[in-house]
Amino acid sequence: MLKETFLLSNGVHIPKVGFGTWQVPNGDIAYQAVKDALEVGYIHIDTAYVYENEISVGQAIKDSKSDRKDLFITSKLPSHIKDYQETETYFHESLKRLEMDYMDLFLIHAPWPWSNIGQDCKVGNAEAWKKMIELYQSKKIRSIGVSNFNVDDLKDLIKRTGFIPHVNQIAFFAGHYQKQKETIAFCKENNILVEAYSPLAIGHALKTPLVLTLAEKYHKTPAQILIRYTLEHGTLPLPKSTKKARMIENADLDFTLDQKDVEALDVLSEDPRRFG
Ligand code: A2P
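These numbers were taken from a predicted model, which means no experiment stands behind them.

So, on to the site of the ligand. In the neighbourhood of the ligand, 16 residues make up the surrounding shell, with Leu-200, Lys-240, Ser-241, Lys-243 and Arg-246 lying closest. Within the contact set of the ligand, an oxygen atom lies 2.8 Å away from a backbone nitrogen or oxygen of Leu-200. Between Glu-249 and the ligand, the recorded distance is 3.0 Å, taken from a side-chain N or O atom to a nitrogen atom. Grouping the amino acids of the shell around the ligand by side-chain chemistry returns seven nonpolar, five polar and four charged.

Written out as structure tokens, the structure reads:
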């Protein structure tokens with residue numbers, strides 16, 4: 001599974017399961033997690049400037065002696081950067097921290113600063129996006145996209161720039177489908193690959209009764225049911241763990257869920273107290 005790929009609209013192959021590093025602290029923990037993930041066979045690593053772990057992620061990659069071209073590395077523009085010139089500065093800073101000379105995927109981290117969710121930054125997003133298009137065209141980035149964008153955000157960005165993102169990375173897990181289904185459908189119609197971050201709802205979905213029942217039915221673990229669920233929707237999961245045994249478990253996904261079980265998971269309602 002770790003070597004299988006989705007095809008992006010620009011012809012770039014992206015490994016079907018990525019290793020997420022959100023909330024994994026820089027230093028020994030991020031270094032060891034990425035080192036273990038690479039040993040397990042993950043070749044797609046997702047980080048971000050604001051995770052503050054790019055240095056350790058880059059160091060672990062470097063020490064692994066992996067061939068750079070065999071890996072798929074994503075980072076993200078900080079959510080408060082909504083400016084053409086600063087986009088270039090921050091992109092180069094991420095590259096520097098990772099000790100790399102190109103990025104496989106670079107994303108606008110959110111349509112608004114995390115400190116002011118919902119703020120109208122449409123003009124600024126288009127400015128950042130124009131710089132990202134240039135960096136993509138100059139081959140510094142192999143594919144570009146956005147994160148946490150809803151349908152309105154996507155439509156506006158496309159209208160202002162004429163360039164459709166290759167990827168939209170969003171929070172997606174069993175229990176969150178009702179909230180995300182319009183975005184997922186719009187992305188599908190426009191050939192934008194959806195990446196699912198927090199496919200386990202940061203661990204909170206693991207004890208959901210339906211997930212436990214399905215784990216028994218399929219002789220799989222709850223984490224495998226949840227990650228497989230995101231794949232059944234054609235989305236690319238980015239599970240994260242600091243434990244090697246779980247990294248192996250989270251990549252063992254060679255089974256399929258029956259459509260009726262996918263539909264049952266679709267209508268699970270999320271308890272907001274458990275996520276957010
Ligand atoms: P840990 O790092 O201790 O393994 P998500 O990917 O949805 O954000 O979830 C990440 C959380 O889920 C982390 O707290 C991680 O903890 C935990 N986790 C990851 N994989 C598994 C697994 N296979 N079984 C149980 N918990 C897991």
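It is worth spelling out helix α4 (residues 122-137) at this point. Taking 1.5 Å per residue as the helical rise, α4 with its 16 residues ought to reach 22 Å, and the 22 Å between its terminal C-alpha atoms agrees with that figure. Considering only its buried residues, α4 is in contact with β5 (72-77), α3 (84-98), β6 (103-108), β7 (141-147) and α5 (151-161).

With six of seven residues buried, β7 is to be regarded as a mostly interior element. Tracing the backbone out of β6, into α4 and back to the parallel element β7 gives a crossover that is right-handed. As a crossover connection, the stretch from β7 through α5 into strand β8 (residues 167-171) is right-handed.

Turning to the packing of aromatic side chains, a few remarks are in order. Taken as a whole, this structure holds 10 aromatic pairs when the rule is applied. Pairing Tyr-49 with Tyr-90 gives two aromatic rings, centres 5.1 Å apart and planes at 75°, and the pair type is edge-to-face. Of this pair, Tyr-49 sits in the loop between β4 (44-46) and α2 (54-64) while Tyr-90 sits in helix α3, and the two are 41 residues apart along the sequence. Judged by its relative accessible area of 18%, Tyr-49 falls in the buried class. Considering the side-chain rings of Trp-129 and Phe-163, the 5.9 Å spacing of their centres and the 75° angle between planes classify their relative orientation as edge-to-face. Taken as a pair, Trp-129 in helix α4 and Phe-163 in the loop between α5 and β8 lie far apart in primary sequence, 34 residues in all. Overall, the relative accessible area of 17% leaves Phe-163 in the buried class. Within the aromatic cluster, the residues linked to one another by ring pairs are Trp-129, Tyr-136 and Phe-163. The cationic tip of Lys-16 hangs over the ring face of Phe-6; the distance from NZ or CZ to the ring centre is 5.2 Å.

Calculation rules
- Residues numbered from 1 in each chain as written.
- Predicted model: local features only at pLDDT ≥ 70, side-chain atom pairs only at ≥ 80, totals over all residues.
- Heavy atoms only, no water.
- Near = heavy atom within 4 Å.
- Polar contact = N/O pair within 3.5 Å; in protein donor to acceptor, adjacent residues only side chain to side chain.
- Nonpolar A, V, L, I, M, F, W, Y, C, P; charged D, E, K, R; others polar.
- Helix = DSSP H or I, 4+ residues; strand = E, 2+ residues; numbered from the N terminus.
- Expected span 1.5 Å × (residues − 1).
- Contact = heavy atoms within 4.5 Å.
- Buried < 20%, exposed > 50% of the residue type's maximum accessible area, 1.4 Å probe, protein only.
- Right-handed = clockwise from strand over helix to strand, strands pointing away.
- Phe/Tyr/Trp six-rings, centres within 6.5 Å; stacked < 30°, edge-to-face > 60°.
- Lys NZ or Arg CZ within 6 Å of the ring centre and 35° of its normal.

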